[in-house]
Amino acid sequence: MIHRSLIILILLLGCRHTAEKQKNTDIAIDEDAIACVQMVFEKDSILGEIRNHSPEKISLSESIDNYTHELESMDFTHCPEKFRSSFNAHIKAWQQLRSVTDKYPSMRGELHDIFARLKKSGDSTEFKALVQKVWDTWDLVKENSN
C-alpha cells in the first residue's frame, strides 16, 4: 500500500513539474512576442520619420521603396503570426501606392504635403483608395499587436 502511494505521489509531482515547465515556456514565448512587437513598432516609428522627410530630396516612390525594404528586413521571428501577416499586408499596401506615386517623380516635399497634393490630382480617386488601404492595414496591425 505504501509502495503504491509513493508511486502516485511521484507521478503527481512529475505532472506538476511538467505543468510548471510548460507555464514557464508559455510565459517566455509571450515575452518574446511582446518584445518583438515592441521592436517592430519602435523601428517603424524611426523609419516612418525618415520616410516622411526623405521625399524632400528624393522621389516619393523611392522613399516608399526604401521604407518598405527596411520594414521587410526586420526580424519578425518571435512576433505572433497574425501580427506578422497583418504587417506584411501593410507593407504591400504601401508598395501599391507606387502605382500613383510613380507618375510624379519630380514632386518634392514632406510626405503628408505630397499626399495632400496627390489627393487633388487627376489620380485622386485611385490615390485615396490606396491611402485608405494603408490606414486599414495599419488598423489591423494595431489590432493584432495585442
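Rules and cut-offs
Residues numbered from 1 in each chain as written. Predicted model: local features only at pLDDT ≥ 70, side-chain atom pairs only at ≥ 80, totals over all residues. Heavy atoms only, no water. Helix = DSSP H or I, 4+ residues; strand = E, 2+ residues; numbered from the N terminus. Buried < 20%, exposed > 50% of the residue type's maximum accessible area, 1.4 Å probe, protein only. Contact = heavy atoms within 4.5 Å. Disulfide = S-S within 2.5 Å. Salt bridge = Lys/Arg side-chain N within 4 Å of Asp/Glu carboxyl O. Core = buried A, V, L, I, M, F, W, Y, C linked by side-chain atoms within 4.5 Å. Arc of directions from axis to C-beta. Polar contact = N/O pair within 3.5 Å; in protein donor to acceptor, adjacent residues only side chain to side chain. Phe/Tyr/Trp six-rings, centres within 6.5 Å; stacked < 30°, edge-to-face > 60°.

### What to know about the overall build of the protein
Tallying secondary structure elements over the protein gives six helices and zero strands in all. Helices (α) and strands (β) of the protein occur, in sequence order from the N terminus, as α-α-α-α-α-α. Relative to its 146 residues, the protein shows a buried fraction of 34%. Taking as baseline every contact in the protein between residues at least 6 positions apart, the subset at least 24 positions apart corresponds to 69%.

### Brief notes about the state of the cysteines
Working definition of a disulfide: a covalent bond connecting the sulfur atoms of two cysteines. On inspection of all chains with the given rule, the structure shows one disulfide. Bridging cysteine 36 to cysteine 79, the disulfide has an S-S length of 2.0 Å. Taking the torsion about the sulfur-sulfur bond, which here is approximately -90 degrees, the covalent link between cysteine 36 and cysteine 79 counts as left-handed. Taken together, the residues cysteine 36 in helix H1 (residues 2-53) and cysteine 79 in the loop between helix H2 (60-72) and helix H3 (81-96) connect sequence positions 43 residues apart. The class for cysteine 36 is buried, based on a relative accessible area of 6%.

### Thoughts on the pattern of salt bridges
Across all of its chains, the model carries five salt bridges by this definition. When the shortest N-O distance is used, the salt bridge between arginine 98 and aspartate 102 registers 2.8 Å. Judged by relative accessible area, which is 23%, arginine 98 ranks as partly exposed. For aspartate 102, a relative accessible area of 40% gives the class partly exposed. In this structure, aspartate 139 and lysine 142 form a salt bridge, with 3.9 Å as the shortest nitrogen-oxygen distance. Of this pair, aspartate 139 and lysine 142 both sit in helix H6 (residues 124-143), three residues apart, which is roughly one turn of the helix. You can call lysine 142 partly exposed: its relative accessible area is 42%. Through salt bridges that share partners, Asp65, Arg98 and Asp102 make up one connected network.

### What to know about the nonpolar core
One finds Phe83, Phe87, Trp94, Leu97 and Phe115 to be the most contacted residues of the largest nonpolar core, which totals 29 residues. The greatest single-element share of this core, amounting to six residues, is contributed by H6.

### Examining helix H5 (residues 111-118)
Of all the positions in H5, only Leu111, Ile114, Phe115 and Leu118 are classed as buried. The arc that holds the buried residues of H5, viewed along the axis, is 105 degrees, so those residues lie on one side. Regarding H5, its N-cap is glutamate 110, as a side-chain oxygen of that residue lies 2.7 Å from the backbone nitrogen of histidine 112 further along.

### Quick look at the packing of aromatic side chains
If you walk through the whole model with that rule in mind, you get eight aromatic pairs. Geometrically, the ring pair formed by phenylalanine 41 and phenylalanine 83 is edge-to-face, given 5.6 Å between the ring centres and 75 degrees between the ring planes. Of this pair, phenylalanine 41 sits in helix H1 while phenylalanine 83 sits in helix H3, and the two are 42 residues apart along the sequence. Phenylalanine 41 gets classed as partly exposed once you look at its relative accessible area, which sits at 25%. Here the aromatic rings of tryptophan 94 and phenylalanine 115 are separated by 6.2 Å at their centres, their planes lie at 35 degrees, and the arrangement is tilted.

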